[in-house]
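The primary structure of each chain is shown beneath.
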Amino acid sequence: MIETPSVDWFALSPSLVALAAAAICLLSAVLVPRWLLRPFAAFICAVGFIGAFVMAAIVFGKSPDAQLIVAETASRDRFAALAQMIVMASGLLTIGVSYSARMRQEHIGEYYALLATACAGMAFLVQAGSLMTLFLGLEWFSVCLYILCAIEIDLESSLEAGLKYLIIGGMGSAVLLFGSALVYGSTGELGFSQIAEATAANDLADDPILLVGLAMILAGLSFKASVAPFHMWTPDVYEGAPTPVTGFMAAATKTVALVLMYRVLVVAFPESEDVWTIAVAVLACISLAWGNIAALVQRRVKRLLAYSSISHAGFMLIAIAADNELGVRALLFYLIPYSAISIGAFAIVAARERELGENVTLDNLAGFGWERPLLGAAMFTFMLGFAGFPLTGGFMGKFLVFSAASEAGWNWLVIVGVVATLVSLYYYLAVIRAMYMRPAAELGLAPVGGSPPREIMLSSAVVLAMAVNIGSFFAIQPLVDLARNAGEALPL
Amino acid sequence: MSGSLATILIFLPLAGALFLWLLPVGRLAGSFALLFALAEIGFWINGLVEFDFDGQEAQFDQSWTWFSDLGVSYHVGYFAFSFWLAGLAVVVMAAAIAYGFWVGRERPRAYFGLMLFLTSAVVGVFSSQDLLLFYVFFEAMLIPLYVLIGVWGGAGRLGATVKFVIYTMAGSLLMLASVIVFGLSQGTFDLVESGTSDSTWIFLGFAVAFAVKAPLFPFHGWLPDAYRESSPEVAAVLSGLISKAAVFGFIRICFDKFPGPFDDWRNVFLALAATGLVYGSLLAFRAPDIRGVIAYSSLAQMGLITIGIFALNIASVSGAILQSVNHGLLSATLFLLAGTIERRTSTGDFNRLGGMARGRPALATVLMATGIIALAVPGSAAFAGEFLILAGVFGTGWGWAAIGAVGMVLAAMYMLRLISAVLHTEPGPAVSKTALDLRPAELGILLPLVACLLALSAWPAGISDRVIENSPGFPAFRELEP
């Protein structure tokens, strides 16, 4: 008889609820009549996400003290619970964006099932307490995303995106796994906190094997978070994948990868702090430079947003590099408006795509703002949010990130961030310019004509995202209080 | 109610903007916007009646904690000088909105909503007593301006907006770095509670941002395009109001929080301002069109105002405040007049204008009166302001005063050139006999502005007296002054 560890089912409930929803979606694909399948699957998936969100919130409320569960391989703390809430909310918004997407009938059930499974995997990943669960969670949601990227099997670009993501993502996972092996070889431990203890006990902080392992783990997670120079898959995959999936990846994948990166770094490698803060700061600078400069020359909006997501990874890495209490708060707060804005912006790209039936470029956005006032105004606030203008949560996020860096004594990093923001203005404002300031007639384009499809679900998702974006500017205090509570779970 | 006047002044136009954006008011948008703008003036006058000019503290002071982790608060209130700037803001914005209404801009809900949003942001800048709040309003001004120029501007508007945004954001993002470093070092972002700093770098972060906004030479690259490509009422707001955010910043932040660096860098800024004054005046004299003259005269006038601030004595700073209000009213009136002339002739080019005085007495009178005040004829409000500045500057260094006096002479040259090129000489090719005189509605917009100027001419001390003595930093400064 194999001894099984006691399992804290309650702490794992967010993952389990999402998994249950995924199972029902999958069953519904064969059991529910065709005409009902789309609303049914979307509804079940939404209920699953709401349920998982609520469970995560309850776990958040009931776990004031961090503890390790399931044979010390997973952690039950507020840090994970808050990230789970962000993931589930992102999933919920993604359902709204996906609802009226053109999709093969036989894929609908699978689509929502994969979405829910991916969220379950992400929820599991942010709880990871050892290198084993880390790798498990990472592969769990990655495999779901590989399929989601390629789900439009009639589109070459979608298949290409899926394949590219699979190959490069696989490489990232391999690097991560190799790094984990090196760390295990050096310390003899897999649990994050045991690694830290072993490092301190055996004075391994300068052990080259440990440091190489650390670097490879960092690189592996950077692949997922699309941090430059590990970002090469990002523009192609973001462009080729179905737009709702892209929005979901930009928001949720980045959230979990960065949150987990932070957890690994501070819990497992506090002894090597001097090394990894510098490394993360350098990665931040590369991401900011590369993402922003490459975005300047993009004409296709999805590619532009892909590079913008790389540069935002850079901003969030600044918060990680600061490595102080303000930094945790900054990271967790930044993720909230950022996730909402990302999904919202891709939702609007999706809406325009469905209207035009072709890829959205800066040129064929012309007049969009006036034709569809609600979506136009929302995109306006999203671009301001990305650019970090006041009256959006994006501004408060940047303010917090820069404050954290300044408090850590890294004023030069603040300057880098500020210059990056300045460069980014050019292309974010270019989107606004395209929507509002260049009438279609001036560009010699035929007006689109006809009445655009009414998409209640997509519009509600966009309005929600806009509410989060603007609301998080005014209600920064309660959100930062959440982030502070969550951050206290980490040893800083 | 009067206790929350500062908050009302900020949120009333914002409520108006949301009202226009969210409700299907259709073509009534302009009249609603005007109503909100006039109500805003009413509230401001109500505040003026209650304002205690001898008070040592900020008036209508209100403070709520916004974000306690870093000591950020929503803290608004007015000192005498900022209250006058806010008054300038509400008056000029109302005139601009009225002008837009009269001209009938396309997409009125968006347009007037943005104008009201801009009102809110400008008034917010002048009332903020918290550094982050100030930054928020300072940046928020840019959003409506970007759209107002980019959508309703002239043919070259896209280039103008890019230049305008990149210039101002370069300044203000460096300021953000300064805001953060200063706020964290003080432990609070509250301007009333925080102490002073000796850091030159932080000071320069602020000062350069304001120098771009003013603009001071050599940070004025965005100015000609932005003033030329925007619609007249937006140009009026840009030159009349937005530049005054720099005046507020110089006095409230640079002087009050950085007395040491302010003193060290005084001569640099005086030199830049003096260069801008002479350079702007010469360019204004050479400019080929009406807007060019007003645009470069703004550069010159902002130079003079900055000289007044950096000369740093009670007389010169009081004069700078008075002159800020004068210049705001003057350039707004002139830009709106330029707009009315462009509507009649579809050009602002001096070569194609001329002889408009004949048969158009109202236009001639209003333009003449405004021009005469602008060239600072003795007895005018502008004369009072410039005289105070120069009188004060003499105490600092007679050289700066001499340059200022040269600027006054040049002002007479370019203003007279503008007046004669438009009103006198032979009728230009673009001036048709049927071009109308100012319509009653246009007079209804312009005359109140001119009336304000005449009132200030009659009683400039209404502003310049006790405008700065009780403002932050100055009581301490007065003890030092011999």
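The preceding data block contains the structure.
Residues numbered from 1 in each chain as written. Chains lettered and ligands numbered in written order. Predicted model: local features only at pLDDT ≥ 70, side-chain atom pairs only at ≥ 80, totals over all residues.

Participant: Explain unusual backbone geometry to me, please; I cannot follow it from the model alone.
Facilitator: Residue Pro229 of chain A follows Ala228 of chain A across a cis peptide bond; omega there is 0°. Within the fold, Pro229 of chain A resides in the loop between α8 (208–225) and α9 (234–240). Note that the residue after Ala214 of chain B, namely Pro215 of chain B, is joined by a cis bond; omega there is -10°. Residue position: Pro215 of chain B is located in the loop between α8 (200–213) and α9 (223–229). (Helix = DSSP H or I, 4+ residues; strand = E, 2+ residues; numbered from the N terminus.)

Participant: Hey, could you run me through the packing of helix α7 (residues 192–202) of chain A against helix α10 (residues 243–268) of chain A in this one?
Facilitator: If you want to describe how two helices pack, look at the angle between their axes and the distance between the axes. Residue and element names in this part refer to chain A. At their nearest, the axes of α7 and α10 sit 8 Å apart, and the two run at 35° to each other. Mapping the contact onto sequence places Phe192, Ser193, Ile195 and Ala196 in α7 and Val264, Val267 and Ala268 in α10. Within the contact of α7 with α10, the residues separate by chemical class into six nonpolar, one polar and no charged. (Axes fitted to C-alpha atoms, helices over the stretch in contact; angles between N-to-C directions. Contact = placed C-beta atoms within 7 Å. Nonpolar A, V, L, I, M, F, W, Y, C, P; charged D, E, K, R; others polar.)

Participant: Would you take a moment to explain the pairing of strand β2 (residues 72–78) of chain B for this structure?
Facilitator: One face of the sheet, then the other: side chains in a regular strand alternate in exactly this way. β2 of chain B sits mainly inside the fold: six of its seven residues count as buried. Between the end of strand β1 (residues 59–67) of chain B and the start of β2 of chain B, which pair antiparallel, lie four residues, with Gly71 of chain B showing a positive phi angle near 70°. (Buried ≥ 20, exposed ≤ 12 C-beta atoms within 10 Å, placed from the backbone. Pairing = 2+ DSSP bridges.)

Participant: What am I meant to see in the interface of chain A and chain B here?
Facilitator: Every contact between the two is made by 22 residues of chain A and, on the other side, 24 residues of chain B. Residue contributions to the side of chain A that touches chain B peak at eleven residues, all from helix α17 (residues 411–437) of chain A. Taken together, the residues that form the side of chain A that touches chain B break down as 15 nonpolar, five polar and two charged.

Participant: Explain the environment of Glu160 of chain A to me, please; I cannot follow it from the model alone.
Facilitator: Residues and elements named next belong to chain A. One can find Glu160 in helix α6 (residues 156–187). Taking the number of C-beta atoms within 10 Å as the measure of exposure, Glu160 has 17 and is therefore partly exposed. Separated by eleven residues in the primary sequence, Glu160 and Cys149 place their C-alpha atoms 8.8 Å from one another.

Participant: Can you help me understand the environment of Pro270 of chain A in this one?
Facilitator: Residues and elements named next belong to chain A. For Pro270, the position within the fold is in the loop between α10 and α11 (273–296). Pro270 sits 172 residues away from Ser98 along the chain, and the two C-alpha atoms are 41 Å apart. Not counting residues within four places of it along the chain, the set of residues in contact with Pro270 comprises Ala196 and Pro491.

Participant: Even after reading the chapter, I still don't get the pairing of β1 of chain B, so can you show me in this structure?
Facilitator: By the bridge criterion, six bridges tie β1 of chain B to β2 of chain B in an arrangement that is antiparallel. Across the sheet, residue Phe67 of chain B finds its bridge partner in β2 of chain B, namely Val72 of chain B.

Participant: Can you help me understand helix α13 (residues 266–286) of chain B in this one?
Facilitator: Each α-helix winds once per 3.6 residues, and so residues spaced three or four apart point in a common direction. For α13 of chain B, which comprises 21 residues, the first-to-last C-alpha distance of 30 Å matches the rise-based estimate of 30 Å (1.5 Å per residue) to within 8%. Turning to α13 of chain B, its buried residues number three or more, namely Phe269, Leu270, Leu272, Ala273, Ala274, Gly276, Leu277, Gly280, Ser281 and Ala284 of chain B. (Expected span 1.5 Å × (residues − 1).)

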